[in-house]
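A look at the structure
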Amino acid sequence: MSWLLEALEALGAGQRLMMGAVLLAGALYLFKVVKIGRVIGNVLSSGAAYAIVVLVGAGVAIALGWIDPNVAAITSQLSTAADTVWSAVGEWVVDATIGRLTA
């Protein structure tokens, strides 16, 4: 960075101009980071709002007796779903990974 300052000084531009340019670039990048953070925050808050609605709805349905939660059935179904997904794509993923490592 010092060579750039020396080159600008040799051309007649002072350190003040370079410092101003660096601060301007920093401000622009900070503005971009804030915009990205705002988008991420909006996505997360929307997801949280949907999760709250689903959880409240499920709680009301369970409280009114419309749904009878059976933890054993839920875990059994999740296990079956995980086994089905693994049997469908698990071997393919392992074979593709080993193929890339040996190539």
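Residues numbered from 1 in each chain as written. Predicted model: local features only at pLDDT ≥ 70, side-chain atom pairs only at ≥ 80, totals over all residues. Heavy atoms only, no water.

So, the overall build of the protein chain
To keep it simple, the criterion reads: The way it works is that DSSP assigns letters per residue, a run of H or I at least four long becomes a helix, a run of E at least two long becomes a strand, and they are numbered from the N terminus. Computation of the radius of gyration draws on C-alpha atoms, with the globule rule given as 2.2 Å multiplied by the number of residues to the power 0.38. Remark: exposure states derive from per-residue accessible area (1.4 Å probe, protein chains only) relative to the maximum for the residue type, with buried under 20%, exposed over 50%, and partly exposed in between. His is not counted, nor are the chain ends; Lys and Arg add positive charge and Asp and Glu add negative charge. To locate a charge, take NZ of a lysine, CZ of an arginine, CG of an aspartate or CD of a glutamate.
The secondary structure content of the protein chain amounts to three helices and zero strands. From first element to last, N terminus to C terminus, the protein chain shows the α and β order α-α-α. A compact globule built from 103 residues would reach a C-alpha radius of gyration of about 13 Å, whereas the protein chain, at 28 Å, exceeds it by more than 25%. In terms of its C-alpha atoms, the protein chain occupies a principal-axis envelope of roughly 80 × 50 × 15 Å. For the protein chain, the proportion of its 103 residues judged to be buried stands at 4%. Counting 5 positive and 6 negative side-chain charges, the protein chain places the averaged centre of each group 23 Å from the other.

Focus on the confidence of the model for the protein chain
Condition: Here pLDDT means the predictor's own confidence in every residue, given as a number from 0 to 100.
When pLDDT is averaged along the protein chain, the result is 83; 91% of the residues meet or exceed 70. By mean pLDDT, the top-scoring element of the protein chain is helix H2 (residues 15-63) (88), and the lowest-scoring one is helix H1 (residues 2-10) (70).

Overview of a nonpolar patch on the surface
To keep things clear, this is the line we draw: Residues forming no salt bridge and having over 30% relative accessible area are the ones grouped into patches, like charges within 9 Å of each other and nonpolar side chains (Val, Leu, Ile, Met, Phe, Trp, Tyr) within 5 Å. The Shrake-Rupley method, run with a 1.4 Å probe sphere, supplies the accessible areas, and residue values consider only the shown protein chains as cover. One side-chain nitrogen of Lys or Arg within 4 Å of one carboxyl oxygen of Asp or Glu is enough to make a salt bridge.
Among the surface-exposed residues, Ile-52, Val-56, Val-60, Ile-62, Leu-64, Trp-66 and Ile-67 lie close enough to one another that they form a single nonpolar patch of about 730 Å² accessible area. Mapped onto the fold, Val-60 is located in helix H2. A relative accessible area of 42% places Val-60 in the partly exposed class.

Some details on helix H3 (residues 71-102)
Keep this limit in mind: Take the residue count of a helix, subtract one, and multiply by 1.5 Å to get its expected span. Working definition for bend: take the seven residues up to and ending at a residue and the seven starting at it, fit an axis to each, and measure the angle between the axes.
Given a rise of 1.5 Å per residue, 32 residues ought to cover 46 Å, and the 44 Å separating the end C-alpha atoms of H3 matches this to within 8%. The sharpest bend along H3 comes to roughly 45 degrees, located at Val-89.

Some details on the environment of Thr-102
Quick note on the threshold: Polar contact is the term for a pair of N or O atoms within 3.5 Å; when the atoms are in protein, one must be able to donate a hydrogen and the other to accept it, and sequence-neighboring residues count only if both atoms are side-chain atoms.
Mapped onto the fold, Thr-102 is located in helix H3. You can call Thr-102 exposed: its relative accessible area is 64%. Within the structure, the side chain of Thr-102 is placed 3.2 Å from the backbone oxygen of Gly-99, a separation counted as a polar contact.

Thoughts on the environment of Ile-67
Our working definition: Note on contacts: a residue pair is in contact if any heavy atoms of the two residues lie within 4.5 Å.
Along the chain, Ile-67 falls in the loop between H2 and H3. Along the backbone, Ile-67 and Val-93 are 26 residues apart, and their C-alpha atoms lie at a distance of 37 Å. Sequence-distant contacts of Ile-67, that is, excluding residues within four places in its chain, are made with Ala-61 and Ile-62.

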